[in-house]
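Per-entry structural report
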Amino acid sequence: MPLMGSLYIGNSGLQTSQNALNTPAHNMTNADTVGYVRQQVQLGTKVYNTIKVDYKSVSNQQVGLGVTYSKVKQVRDYFLDQTYRRESGRSAFYEVASGALEEIENLLDELNGESFQESLEGVWTAVQELSKDPSSAVTQGLLVQKSSQFIERAKAVYTGMCDYQDNLNQQIKGKVETINKYANRIKELNDEILKIECAGFERANDLRDERNRMLDEMAVLGKISYSEDLNGQVSVQFEGVDLVKKEVVYEIGLQQDENTGFYTPFWIQNAEYTINEFGQKEYDIEGAEVFELNTVISSDLNTDIGSLKSMLLARGDHRADYTDIKEENYDYTVSQSVIMNIQGEFDQLIHNVVTAINDVLVDAANAAQANGNNYMQNDDATQDTPASPIVLFEKIGADSYVYDEQKGKWVESTPDESRNGYKGSLFSITNITINKDLVQVPTKLGFIKDDGSVDYETLEKMKAKFTEESNTLNPKVKKKTSFVDYYGDLVAQVANSGSVYKSIMANQQATVNATFTAREQVIGVSSDDELTYMVKFQNAYNASSRYINVISEMLAHIINTLGT
């Protein structure tokens with residue numbers, strides 16, 4: 001090979017080694033940068049010059065022109081990326097569920113330093129004391145006072161659950177906005193990466209790092225899948241639907257319920273819409289929801305991935321009450337919602353206590369009325385309707401009891417679902433108040449019959465209501481319990497479920513940490529390794545320099561020799 005041509009080999013070694021030194025230096029500089037992926041130099045051979053083509057030989061006579069700086073690639077493991085993103089999303093799912101149960105446990109156990117259990121036991125104690133001396137103004141006043149505290153604290157606990165629902169609702173809105181922001185940024189990165197890499201001379205590795213970090217963070221919010229085409233553009237699917245398709249972003253919309261204010265994420269491109277009188281789009285999101293919340297939650301089915309889905313499940317779609325615990329509704333309304341399930345079970349306790357006490361008083365009034373007496377009745381009788389019974393609890397904005405002419409007695413007013421005030425006609429936490437007449441004059445309870453005798457029998461029936469084991473938490477629980485034990489079972493259920501979710505979360509976090517560590521061993525920067533590469537390329541640079549010096553000395557010798 002001519003000596004002048006040999007200089008190309010040395011020159012290529014100098015250039016390549018000098019450029020290659022920049023990569024380990026860049027790695028060392030970004031060793032602590034979040035999301036940075038270690039880069040690795042790939043070297044190749046330059047095009048060979050063919051001197052002679054000899055078809056009889058194994059190969060042609062060719063002369064190499066040295067080494068070339070082929071490309072700088074990211075060192076990643078696709079399988080570990082997939083595993084880490086899936087498991088981190090699953091961990092976030094159970095973290096939200098565990099946090100929701102912990103919040104509810106705090107609401108149930110402690111309320112301004114006092115356990116709700118105390119207010120429930122206070123009513124039971126007041127009933128027991130009243131049964132000893134029903135005609136006592138003191139014990140009658142105690143029952144009204146303890147019942148009032150019971151309702152106030154029940155409303156405070158229920159309001160706390162509703163406030164937590166609203167808090168989750170705002171977080172849901174924020175997370176959907178974050179997903180859309182990530183999607184738009186990924187689309188921008190796709191464009192920038194394409195511009196840089198389209199010529200084929202350079203890899204936009206730092207931009208790829210940012211894009212992969214976006215995918216990591218998006219995987220925490222929901223189940224994602226993604227693919228990269230030959231041009232380096234990534235397409236992302238969120239919950240099985242296209243979110244980013246190369247240069248197009250399909251954003252997630254939010255529809256807010258007029259009654260609850262709850263947001264429902266939906267795919268804008270899949271929802272039908274009409275234009276209202278103000279020129280605004282009104283979407284029909286049926287069938288376009290991002291999440292199918294009625295599916296079974298299972299790791300085998302990968303339906304337990306993402307904090308956004310977990311928040312939607314925990315929040316539910318409305319404020320639950322005791323009607324949601326009915327067997328025909330339970331599986332389709334509240335069973336998978338952490339907050340709604342407890343809301344319904346808690347409201348069921350309040351409803352059962354309130355109606356049990358009222359039913360005893362109404363039965364006493366009906367029995368007296370049947371015998372022509374005025375015992376336990378108000379003085380509001382008219383020509384058409386007998387006097388109404390004296391009850392301890394009343395509905396807000398609706399009649400508590402109505403007179404049934406066919407039965408000839410007072411019965412609880414029947415909720416009319418066709419009316420706008422359907423919920424207002426229930427004995428539910430938000431709709432219960434203490435009889436204002438009894439608050440002012442507790443002795444109206446009296447418990448003195450028309451014949452002057454003290455009514456111990458009614459109080460014994462009321463005591464029996466508290467000790468009777470006829471209540472269950474929900475249709476899936478077969479154990480029957482009394483009012484006082486019911487609340488203990490409710491708290492125990494929350495604690496047990498919270499313990500299970502915490503255990504799952506801890507195990508899942510251990511899996512995430514193990515996967516993260518394995519992935520870091522691949523993509524992380526090792527100072528020792530990078531220093532080794534720097535020494536290697538420095539030595540290669542020195543060797544190329546010495547090679548050029550040798551060629552230069554040979555040329556100088558030849559020229560000097562020929563010159564003489």
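None of these values were measured; they are calculated from a predicted model. (Residues numbered from 1 in each chain as written. Predicted model: local features only at pLDDT ≥ 70, side-chain atom pairs only at ≥ 80, totals over all residues. Heavy atoms only, no water.)

Some details on the overall build of the chain
Looking only at helices and strands, the chain features 12 helices and 16 strands. Taking 2.2 N^0.38 as the reference for a compact globule, 564 residues should give roughly 24 Å; the C-alpha atoms of the chain span a radius of gyration of 38 Å, well beyond that estimate. Each of the three principal axes of the chain carries a C-alpha extent, and together these read 150 × 55 × 40 Å. Residues classed as buried in the chain amount to 44% of the 564 residues present. Pairs at least 24 residues apart make up 66% of the contacts formed inside the chain by residues separated by at least 6 positions. As presented, the chain carries roughly 29100 Å² of accessible surface, and 48% of it is formed by carbon and sulfur atoms. Charge centroids of the chain, computed over 51 positive and 82 negative side chains, lie 9 Å from each other. (Helix = DSSP H or I, 4+ residues; strand = E, 2+ residues; numbered from the N terminus. Rg over C-alpha atoms; globule rule 2.2 N^0.38 Å. Buried < 20%, exposed > 50% of the residue type's maximum accessible area, 1.4 Å probe, protein only. Contact = heavy atoms within 4.5 Å. Areas by Shrake-Rupley, 256 points an atom, 1.4 Å probe, with all protein chains shown as cover. Lys, Arg positive; Asp, Glu negative; His and termini not counted. Charge placed at Lys NZ, Arg CZ, Asp CG, Glu CD.)

Examining the pattern of salt bridges
Using the criterion set out here, one finds 19 salt bridges in the structure. Linking Asp 81 and Arg 76 is a salt bridge whose minimum nitrogen-to-oxygen distance equals 2.9 Å. Asp 304 is the salt-bridge partner of Arg 90, the closest N and O atoms lying 3.0 Å from each other. Residue Arg 90 is located in helix α2 (residues 78-109), and its partner Asp 304 is located in the loop between β12 (281-284) and α6 (307-315); the two are separated by 214 residues in the primary sequence. Accessibility assignment for this pair places Arg 90 and Asp 304 in one class, buried. Residues participating in the shared-partner salt-bridge network are Arg 76, Asp 81, Arg 85, Asp 216 and Arg 519. (Salt bridge = Lys/Arg side-chain N within 4 Å of Asp/Glu carboxyl O.)

Brief notes about the packing of helix α4 (residues 137-197) against α6
For any two helices packed against each other, the geometry is given by the interaxial angle and the distance between the axes. Packing of α4 against α6 leaves a shortest axis separation of 10 Å and a crossing angle of 155 degrees. In this view, α4 runs roughly antiparallel relative to α6, as classed from their interaxial angle. Where α4 crosses over α6, the handedness of that crossing is left-handed. Where α4 approaches α6, its residues Gln 165, Leu 168, Asn 169, Gln 171, Ile 172, Lys 175, Val 176 and Ile 179 are matched on the opposing element by Ser 307, Leu 308, Met 311, Leu 312, Ala 314 and Arg 315. Its residues placed into classes, the contact of α4 with α6 shows 8 nonpolar, 4 polar and 2 charged. (Axes fitted to C-alpha atoms, helices over the stretch in contact; angles between N-to-C directions. Parallel < 35°, antiparallel > 145°, perpendicular 65-115°, else oblique. Left-handed = near helix turned anticlockwise from the far one by under 90°. Nonpolar A, V, L, I, M, F, W, Y, C, P; charged D, E, K, R; others polar.)

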